[in-house]
Amino acid sequence: MIESKHVAKSFQLEKSKISVLEDIDFSVSEGNFVCLVGPSGCGKSTLLRIIAGLEHADSGEVLFHDQPQTSPTPKITMIFQLFGLLPWKTALENVEVALEILELKKGERFEIAKSYLRMVGLEGFENTYPHDLSGGMKQRVGIARALALQPEVLLMDEPFSSLDELTAKTLRSLVLDIRGKSSLATSTFIMVSHNVEEAAFMADRVIVMSPRPGRIVGEVNVDIPRPRMRYLRDPVYFKYVDEVVEILEKGK
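Predicted, not measured: the structure shown is a model, and the values here were computed from it.

Student: Got a minute to help me understand the layout of surface pockets in this structure?
Tutor: Empty space within the largest pocket amounts to approximately 370 Å³. Lining of the largest pocket is provided by 16 residues; of these, Ile 76, Thr 77, Met 78, Phe 80 and Leu 149 occupy positions nearest its centre. Contributions of two or more residues to the lining of the largest pocket are made by β6 (76-79), α2 (91-99) and α4 (135-148). If one sorts the elements of the lining of the largest pocket by residue count, β6 sits on top with three residues. Taken as a whole, the second largest pocket encloses approximately 220 Å³ of empty space. Forming the walls of the second largest pocket are Glu 165, Lys 169, Arg 172, Asn 195, Glu 197, Glu 198, Phe 201, Met 229, Leu 232 and Tyr 237. Those elements giving two or more residues to the lining of the second largest pocket turn out to be α5 (165-179) and α6 (196-202). Tallied by class, residues from the lining of the second largest pocket come to four nonpolar, one polar and five charged.

Student: Please explain the packing of α2 against helix α3 (residues 106-119) as it appears in this structure.
Tutor: When two helices pack together, their arrangement is captured by the angle between the axes and the distance separating the axes. Put simply, α2 and α3 touch, their axes get as near as 9 Å, and they point 120° apart. In terms of axis orientation, α2 runs oblique to α3. As α2 runs across α3, the sense of the crossing is right-handed. Note on element contacts: α3 touches α2 through Lys 106, Arg 109, Phe 110, Ile 112, Ala 113, Lys 114 and Leu 117, opposite Ala 91, Leu 92, Val 95, Glu 96 and Leu 99. Here the contact of α2 with α3 is built from residues that sort into eight nonpolar, no polar and four charged.

Student: For this particular structure, what's the right way to read the sheet that holds strand β7 (residues 153-157)?
Tutor: Two pairing modes exist for strands in a sheet, parallel and antiparallel, and in both the strands are linked by backbone hydrogen bonds. Across the sheet, which stays open at both edges, the six strands sit in the order β6-β7-β8-β3-β9-β10 with mixed pairing between neighbours. Edge positions in the sheet fall to β6 and β10 (216-221), since each has one partner strand and no second. Adjacent strand axes in the sheet meet at a mean angle of 20° when their direction is disregarded. Across the face of the sheet, helix α7 (residues 235-250) comes into contact with β3 (33-37), β9 (205-209) and β10 while running at roughly 175° to β10.

Student: What is the right way to read the packing of aromatic side chains from this model?
Tutor: Working definition: an aromatic ring pair is given by the centre-to-centre distance plus the angle between the planes. Scanning the entire structure with this criterion turns up two aromatic pairs. Between the aromatic rings of Phe 33 and Phe 189, the centroid separation amounts to 5.3 Å while the plane-to-plane angle is 0°, which identifies the pairing as stacked. Note that Phe 33 is positioned in strand β3 and Phe 189 in strand β8 (residues 188-193), a separation of 156 residues in sequence. Relative accessible area serves as the criterion here: at 1%, Phe 189 is assigned to the buried category. Plain terms: the ring middles of Tyr 237 and Phe 238 are 5.1 Å apart, the flat faces sit at 65° to each other, and that makes the pair edge-to-face. We note Lys 239 situated over the ring of Tyr 240; from NZ or CZ to the ring centre the distance is 4.3 Å.

Definitions and cut-offs
- Every residue gets a number counted from 1 within its own chain, in the order that chain's sequence is written.
- Residue-level local features of this predicted model are given only where pLDDT is at least 70; pairs of side-chain atoms are given and counted only at 80 or more, and the full residue set underlies all totals for whole chains, interfaces and linings.
- Hydrogen atoms and water are omitted, and side-chain values are computed over all heavy atoms in the structure.
- Method remark: on a 1 Å grid restricted to protein atoms, a set of points is classed as a cavity if a 1.4 Å probe fits but cannot get out and as a pocket if it is open with protein on both sides within 12 Å along at least five of seven lines; lining residues have an atom within 4 Å of a point.
- Grid points are joined across faces, edges and corners, and a volume is the space filled by probe spheres set on the points.
- Each helix is a run of DSSP H or I of at least 4 residues and each strand a run of E of at least 2, with the numbering of both proceeding from the N terminus.
- Each residue gets one of three labels, nonpolar for Ala, Val, Leu, Ile, Met, Phe, Trp, Tyr, Cys and Pro, charged for Asp, Glu, Lys and Arg, and polar for the others, Gly among them.
- Here an angle of 0 to 180 degrees is reported between the N-to-C directions of two axes, which are lines fitted to C-alpha atoms, with helices fitted over the stretch in contact.
- Put simply, angles under 35 degrees are roughly parallel, angles over 145 are roughly antiparallel, angles from 65 to 115 are roughly perpendicular, and the rest are oblique.
- Left-handed describes a crossing whose near helix is turned anticlockwise from the far helix through less than a right angle; right-handed describes the clockwise counterpart.
- Residues count as neighbours in contact if any of their non-hydrogen atoms are within 4.5 Å of one another.
- Here, strands pair whenever DSSP counts at least two bridges between them.
- Each Phe, Tyr or Trp ring (for Trp, its six-membered ring) is paired with any other whose centre lies within 6.5 Å, and the angle between the two planes then decides the class: stacked below 30 degrees, edge-to-face above 60, tilted in between.
- Only protein chains enter the area calculation, which uses a 1.4 Å probe; residues under 20% of their type maximum are buried, those over 50% are exposed, and those in between are partly exposed.
- The rule is short: NZ of Lys or CZ of Arg within 6 Å of the ring centre and within 35 degrees of the ring normal puts a charge over the ring.

Here it is in structure tokens:
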């Protein structure tokens, strides 16, 4: 479904040019949950933005269904680390604003937004503004907004890193529960994380990147049955965690 072919990206900073990504080559099949891990500053988020069509690669390309992915599409949506909610809009309006691209009537947008807020556990908070929501609730709005477009691919940029561990644990389970819903169009997930244990818990495949400029230095296929909560103290789970850590250490 998604192919990254020899993607490279650099940024101009004053008089110097900083190479961020180098020769990124991987693919993601339909139904996969892939997690990108690597040191801070290795280009993980930049790569996600290129896949989303929010940034352009200097060389190489990203393909979506074999077609170049060069601009945003409602078929690929994104959840941001710092929520990205509009503070002057209610929770419901924040979800509705994403639906405007589909040119739906206001009544349709209202009903769809309401149903997705209900799905993420925010029924009754439709008219609440972001400043009155907790961090976890804000991210639930972000999840509802991303899913309301019924994308084929959901991108997540460290979606739980700014939350306390208990809230993060709850939202990880929520995302995995949503992934299991056959009624949703969204079946393919690509997540950026700096948390190796989170990556091994969430993903089918963990792709490991080197320090900047980011290159792919390894991959771990996580073969643990789902749901995985009861396997979190299993030695097999920690074996996968250790494999990812080992690749990270070698890639330094």
